[in-house]
Amino acid sequence: MLILTFDNTFEGFLSVVFTCYAEKLIPHDILPTNHFQEKLFAEVRHIDTNIVHTERVWAGLQKKLNRRAKEMPYRIFLSEMPEAYIRLYKYIRRVFDTNAYVDSDWGDPHVMELRKLDREVTREAMRMLQFIRFEKTKDNIYFAPIEPRHNVIPLIINHFKSRFSDQQWLIYDLKRDYGIFFDLKKVEEITLNNKQFDEIRGRLNTNVVMENESTYQRLWKNYFQSINIKERCNKKLQRQHMPQRFWKFLPEK
Amino acid sequence: MNDKLAQKLKILADAAKYDVSCSSSGSKRKNSGGLGNGVAAGICHSFTEDGRCVSLLKILMTNHCIYDCAYCVNRQSNDRPRAAFTVDELVELTIGFYRRNYIEGLFLSSGVRKNPDFTMEQLMLVAKKLRTEQRYNGYIHLKAIPGASPELIRMAGLYADRLSVNIEIPTNNQLQRLAPEKNHQSVMLPMNQINKGIIQNKEERKKFRRTPLFTPAGQSTQLIVGASPESDQQILHLASGLYQAQHLKRVYYSGYLPVNDYDQRLPALPEPPLVREHRLYQSDWLMRFYGYQAGEIVTQSHPNLDLEIDPKLSYALRNMHIFPIDINKADYEMILRIPGVGVQSAQRIVAARRHRRLNSHHLKKLGVVMKRARYFITCNELPAYLRDISSETLRRHLILESKSKYRKSADTQLSLFSQNFAVSVQH
Ligand code: SF4
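Predicted, not measured: the structure shown is a model, and the values here were computed from it.

What follows deals with the overall build of chain A. Within chain A one finds eight helices and eight strands. Its C-alpha atoms give chain A principal-axis dimensions of roughly 60 × 45 × 40 Å. Counting every position in chain A, which comprises 253 residues, the buried fraction comes to 51%. For chain A, the proportion of contacts with a sequence separation of at least 24, taken over those separated by at least 6, is 68%.

Printed below as a string of structure tokens:
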């Protein structure tokens, strides 16, 4: 039983794929080192990231996927589901080993499974665009805490960069303890050592938050309550569109 | 200061909440170094307890009004709290909300204060300041106020993504009876102007790419259903004319909610006509995506929509002579007319039958609702069910068969369309 591990990056994962081809390995599972727990009886081997390998696999993949499915392997990777890596590996092998386009083979249960996961990751990213809420700090940085199910930060950068291009902002993943910071020119990945917010709800500490911030939050809440039509109450529908796990970040709730 | 603003926000959001449209879609406005952009599909940023999408800051500039339209909560003779925003307050509010990712943009309407020109200018100024001073590229939907000067409306169109002029009452006579200060001509005037402006702008942008946009997300209107006695035939012919002649993006139908039940000119309805409103939306859908003419959906002998069955089925039952339709041979347009076949399944049928002759098994896989469709088709092995059933028997049969489902779907549709539930401000 062979288990291959890699350094948690997509590049590392693709290097694993390359090595499997080169050395004709048949892995039982593939896992990032941070998900990996020692198993008895398993043979474990760590594969180092090799950018040349990574790029060869990625370029090869791009040629063999339909236009709309080109980014799918990356999104599957971002799902961070423990079983996603080996599934993705098997899928990539099929893509390379067959001549037809595999990604539109809806009849195949494995392809269906991956497509489902792909849709889930995409939806989670969409929910970030919907439900992220910024608070303004005294240094004019708009700060938003998030806690997405999947690691979707890479998928939302472009949206926030083009939308909020004249304000500094920081979107921080509380669970994964990293974020992206836009300084009016470029977006950078950062990890904060000294956290100026409460780590459960992500609310900024009072000494760093801008004075009029609470006014906007109150106005927004006030607006939100006045547009509700009481006679038409349908909280189930509300929860369906806006799952409860997002509520702690919403000033209107 | 803040408390005063909060108070205004409360009054003016409450007065705007019944307006139907909330869509922020249709804008692809790019951000060029400023704040915000359009996302073609629109984004919902929150959901209220009634389950409705919150995408725009939907609000009135003021609920003061010099007019006295019978169907409107803001009519002059109603005794309610009144308020008005200043241009700067609204600009600040919009930008403050937008920067925090609360909203996709602004939907600004207004009661008529002083006169139409004054009112229109206020709305236009909010949009202008947002675009020029704040370099804001998010979504803006403005109401065009009938009676305002063409120049003000033109300027509004330069800054807004969408403009709408609400017709409200489907016939001129009834409109004048309920809103003596208004008439259809005054509504059609700005609508015509906006339509021409959009067409002209498209032409110019083909030639000169730098021509500024004019109302790029198009215009829409709203009709109130049930406040006046017009038939569905009158309503749908009006809508169809608006789509064809004015190229409207959407016509919204709003079941009348008795807000001013003391007014004798208005009918006493036991409840808002929600099912009727829903049937109108279905008919509207048939006109826009299924190639139906208004005159096929409602006729001289059937001027009103059947509330028990949907308009497509109703058409089929009135036109039994064109059925059964041969799935393997008929044109796409005819396939679309089969009850139980939607646009997607019709397209799939036409594509799939190139590979093989289709039978009922295939049809199910392609998404056809066979329970319904089977009475209206022939395919490889299916006998035509139709021949010996009269359309009245079939109608009753289909209603019975779908009773439980109809109930359920009617309920969810009611909630789906709850945003069309009532009307408060309209022009
Ligand atoms: S419909 Fe418009 S014009 Fe008529 S009373 Fe209401 S706000 Fe005034």
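This part covers helix α6 (residues 184-207) of chain B. Residue and element names in this part refer to chain B. With 24 residues, α6 extends 35 Å from end C-alpha to end C-alpha; this agrees with the ideal 34 Å at 1.5 Å per step. Within α6 the residues assigned to the buried category are H184, V187, P190, M191, I194, N195, G197, I198 and N201. The inward-facing, buried residues of α6 contact α4 (150-159), β6 (162-164), α5 (172-178), β7 (219-225) and α7 (232-246). At the N-terminal boundary of α6, the capping side chain belongs to N183, with an oxygen 3.1 Å from the backbone nitrogen of Q185.

Residue and element names in this part refer to chain A. Taken together, D7, E11, D48 and E55 make up a surface patch of like negative charges. Along the chain, E55 falls in helix α2 (residues 51-63). The class for E55 is exposed, based on a relative accessible area of 53%.

This part takes up the domain arrangement of chain B. All names here are of chain B. In terms of domains, chain B is made up of domain 1 (3-297) and domain 2 (311-388). Between domain 1 and domain 2, the C-alpha centre-to-centre distance is 39 Å. Across the boundary between the two partners, domain 1 contributes 10 residues, which contact nine residues of domain 2. Taken together, both faces of the contact between domain 1 and domain 2 bury some 850 Å²; the carbon and sulfur share is 58%. For domain 1, the biggest contributors to the area lost against domain 2 are Y290, Y292 and E296; these three give 63% of the whole. Put simply, domain 1 and domain 2 have one salt bridge between them. Across the pair R337 and E296 runs a salt bridge, and its minimum N-O distance is 3.0 Å. Where domain 1 packs against domain 2, one counts five residue pairs in polar contact (both at pLDDT 80 or more). When residues of the side of domain 1 that touches domain 2 are traced back to their parent elements, those giving at least two are α8 (274-289) and α9 (294-297). With five residues, α8 is the largest single contributor of residues to the side of domain 1 that touches domain 2.

Another point: the environment of B:Y252. All names here are of chain B. With respect to the secondary-structure elements, Y252 resides in strand β8 (residues 250-255). On the basis of relative accessibility, which here comes to 8%, the residue Y252 falls in the buried class. For Y252 and Y281, which are 29 residues apart along the polypeptide, the C-alpha to C-alpha distance reads 8.0 Å.

Attention now moves to the nonpolar core. Ranked by internal contacts, the top residues of the largest apolar core, which has 151 residues, are B:I59, B:Y71, B:Y253 and B:F376. No other element matches the seven residues that helix α2 (residues 87-99) of chain B contributes to this core. In this structure, B:F376 is in contact with B:L313, B:A316, B:L317, B:F323, B:P324, B:I325, B:I338, B:P339, B:L394 and B:L398, ignoring residues within four places of it in sequence. One finds A:L31, A:A84, A:L88 and A:L114 within the second-largest nonpolar core, a separate group that totals 35 residues.

Residue and element names in this part refer to chain A. Structurally, chain A comprises domain 1 (2-124) and domain 2 (132-249). Here the C-alpha centroids of domain 1 and domain 2 sit 32 Å apart. The largest contributions to the domain 1 side of the interface with domain 2 come from L78, E80 and E124, which together make up 66% of the buried area. A salt bridge links R245 to E124; the shortest N-O distance between them is 2.9 Å.

The subject of this paragraph is a positive patch on the surface. All names here are of chain A. On the surface, K116, R119, R123, R149 and K175 cluster together into a positively charged patch. With respect to the secondary-structure elements, R123 resides in helix α5 (residues 109-131). Assessed through its relative accessible area of 46%, R123 is described here as partly exposed.

All names here are of chain A. Summed over all chains, the structure comprises 31 aromatic pairs over all chains. Ring plane angle 20° and centroid distance 6.1 Å describe the contact between F160 and F164, whose orientation is recorded as stacked. There is no split in this pair, since F160 and F164 are both buried. Aromatic pair W220 and Y223: ring centres 5.8 Å apart, planes at 25°, arrangement stacked. Of this pair, W220 and Y223 both sit in helix α7 (residues 213-226), separated by three residues, roughly a single helical turn. Like W220, the residue Y223 is buried in the burial classification. The residue whose ring lies beneath K253 is W247, and the NZ or CZ to ring-centre distance is 4.1 Å.

Listed as interface residues are 46 residues of chain B and, on the opposing side, 42 residues of chain A. When chain B packs against chain A, the two sides together hide about 4,100 Å² of surface, and 54% of this comes from carbon and sulfur. At the surface where chain B touches chain A, the tally comes to four salt bridges. For A:R163, the salt bridge goes to B:E104, with nearest N and O atoms at 2.6 Å. On the surface where chain B and chain A come into contact, there are 27 residue pairs in polar contact (both at pLDDT 80 or more). Looking at the side of chain B that touches chain A, the elements with two or more residues in it are α1 (2-14), β1 (46-47), β3 (56-60), α2 and α16 (403-416) of chain B. Ranked by the residues each element gives to the side of chain B that touches chain A, the list is headed by α1(B), at seven residues.

Moving on to the state of the cysteines. Here a disulfide denotes one covalent bond, and it connects the sulfur atoms of two cysteines. Residue and element names in this part refer to chain B. Across all of its chains, the model carries one disulfide over all chains by this definition. The side chain of C44 participates in a disulfide bridge whose partner is C53; the two sulfur atoms lie 2.2 Å from each other. Since a negative S-S torsion denotes a left-handed disulfide, the C44-C53 link at about -105° is left-handed. Taking relative accessible area as the criterion, C44 reaches 21% and is therefore assigned partly exposed.

This part covers unusual backbone geometry. Residues B:F323 and B:P324 are joined by a peptide bond in cis, for which omega reads -5°. The residue B:P324 is located in the loop between α10 (311-318) and β9 (325-326) in this model. One non-glycine residue, A:N8, adopts positive backbone phi at about 80°. By the secondary structure assignment, A:N8 is in the loop between β1 (2-6) and α1 (10-23).

Rules and cut-offs
- Residues numbered from 1 in each chain as written.
- Chains lettered and ligands numbered in written order.
- Predicted model: local features only at pLDDT ≥ 70, side-chain atom pairs only at ≥ 80, totals over all residues.
- Heavy atoms only, no water.
- Helix = DSSP H or I, 4+ residues; strand = E, 2+ residues; numbered from the N terminus.
- Buried < 20%, exposed > 50% of the residue type's maximum accessible area, 1.4 Å probe, protein only.
- Contact = heavy atoms within 4.5 Å.
- Expected span 1.5 Å × (residues − 1).
- Polar contact = N/O pair within 3.5 Å; in protein donor to acceptor, adjacent residues only side chain to side chain.
- Patch = residues over 30% accessible without salt bridge, like charges linked within 9 Å, V, L, I, M, F, W, Y side chains within 5 Å.
- Areas by Shrake-Rupley, 256 points an atom, 1.4 Å probe, with all protein chains shown as cover.
- Salt bridge = Lys/Arg side-chain N within 4 Å of Asp/Glu carboxyl O.
- Lys, Arg positive; Asp, Glu negative; His and termini not counted.
- Charge placed at Lys NZ, Arg CZ, Asp CG, Glu CD.
- Domains from an automatic or database assignment.
- Buried area = accessible area lost by both parts, 1.4 Å probe.
- Core = buried A, V, L, I, M, F, W, Y, C linked by side-chain atoms within 4.5 Å.
- Phe/Tyr/Trp six-rings, centres within 6.5 Å; stacked < 30°, edge-to-face > 60°.
- Lys NZ or Arg CZ within 6 Å of the ring centre and 35° of its normal.
- Disulfide = S-S within 2.5 Å.

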